Amino acid sequence: GAILCGFWMIGALGMEKSLHGVVALNLLIGLVCVAAFGSVNVFREIAGLRQPQHPATSSPSAGTRRLRHPGILLIFMVSGFCGMAYEVIWTRLLSLFVGPTTYSFTCVLAAFIVGLAAGSMVFGWLVDRTGRPFLCLVAGQFGIAAAALAVSQILGHSQIFFARILYMYYHDPQALEFAKACAVFFLLLPVSFLLGGTFPAVMKIVTS
């Protein structure tokens with residue numbers, strides 16, 4: 001969706017028609033959800049699942065486990081703040097090399113969305129497989145720090161790299177934008193992948 005809108009819809013349809021199209025898609029998604037779940041009392045089923053069937057033998061509740069790890073939610077909040085900060089800062093920095101256009105923001109956004117989704121899937125599987133969510137969370141945070149530092153260093157010394165891409169594809173604007181997009185995407189993917197692993201690890205720690 002981000003790539004389609006950033007690279008095609010805005011240029012082909014304009015801002016107003018693109019916005020109307022996205023609004024229509026969101027309304028369609030809502031109608032599909034109502035049609036799919038309108039006959040099922042989802043809220044009553046969820047409320048029923050929250051009630052312990054055997055209070056005497058039930059495991060500690062999610063609230064109890066959350067009190068045991070008050071710092072986990074703080075880590076979750078700070079990690080999310082850092083993720084958004086990386087996205088904004090790197091978008092501004094990349095605009096110096098790939099141009100101050102919607103394309104640079106689209107590349108960063110697409111890399112973060114794909115990385116967050118893939119990281120959540122892989123870390124969710126890893127947490128279930130190992131049964132050690134706290135270790136996965138800590139390792140992921142150290143990995144994020146190392147990857148973000150590496151990306152910052154690379155971007156700080158990438159003028160020659162992007163200048164070479166510009167020289168190689170200056171005669172073909174479409175190939176030039178594609179090459180820059182691929183470079184940005186794969187450069188930022190490791191950080192966003194590790195950021196995506198934060199959510200399933202935290203959820204496994206604070207919920208029963």
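Everything that follows concerns the structure shown earlier in this document.
Just so it is clear, the model here is predicted, and its values are computed rather than measured.

To continue, consider the overall build of the protein. Helices and strands together make up the secondary structure of the protein, namely nine helices and zero strands. Entry remark: accessible area of the protein is about 13800 Å², with carbon and sulfur atoms responsible for 72%.

Here the focus is a nonpolar patch on the surface. Taken together, the side chains of Ile 3, Leu 4, Phe 7, Trp 8 and Leu 13 present a nonpolar region at the surface, about 480 Å² in accessible area. Here Ile 3 lies in helix α1 (residues 2-37).

The final tally for this structure, using the stated rule, is one salt bridge. The closest approach of N and O atoms between Lys 204 and Asp 128, which form a salt bridge, is 3.3 Å. Within this pair, whereas Lys 204 is found in helix α9 (residues 198-206), its partner Asp 128 is found in helix α5 (residues 102-130), the two being separated by 76 residues in sequence. The exposure class of Lys 204 is partly exposed, given its relative accessible area of 40%. Under the relative-accessibility criterion, Asp 128 is labelled exposed at 53%.

The subject of this paragraph is helix α6 (residues 133-156). Because the α-helix completes a turn every 3.6 residues, residues three or four places apart line up on one side. The end-to-end C-alpha distance of α6, which contains 24 residues, comes to 34 Å, matching closely the 34 Å that a straight helix rising 1.5 Å per residue would cover. Residues of α6 that are buried make contact with α4 (70-98), α5, α8 (173-196) and α9.

Cut-offs used in this document
Residues numbered from 1 in each chain as written. Predicted model: local features only at pLDDT ≥ 70, side-chain atom pairs only at ≥ 80, totals over all residues. Heavy atoms only, no water. Helix = DSSP H or I, 4+ residues; strand = E, 2+ residues; numbered from the N terminus. Areas by Shrake-Rupley, 256 points an atom, 1.4 Å probe, with all protein chains shown as cover. Patch = residues over 30% accessible without salt bridge, like charges linked within 9 Å, V, L, I, M, F, W, Y side chains within 5 Å. Salt bridge = Lys/Arg side-chain N within 4 Å of Asp/Glu carboxyl O. Buried < 20%, exposed > 50% of the residue type's maximum accessible area, 1.4 Å probe, protein only. Expected span 1.5 Å × (residues − 1). Contact = heavy atoms within 4.5 Å.

Remember that the coordinates give geometry; whether it matters functionally is a separate question.
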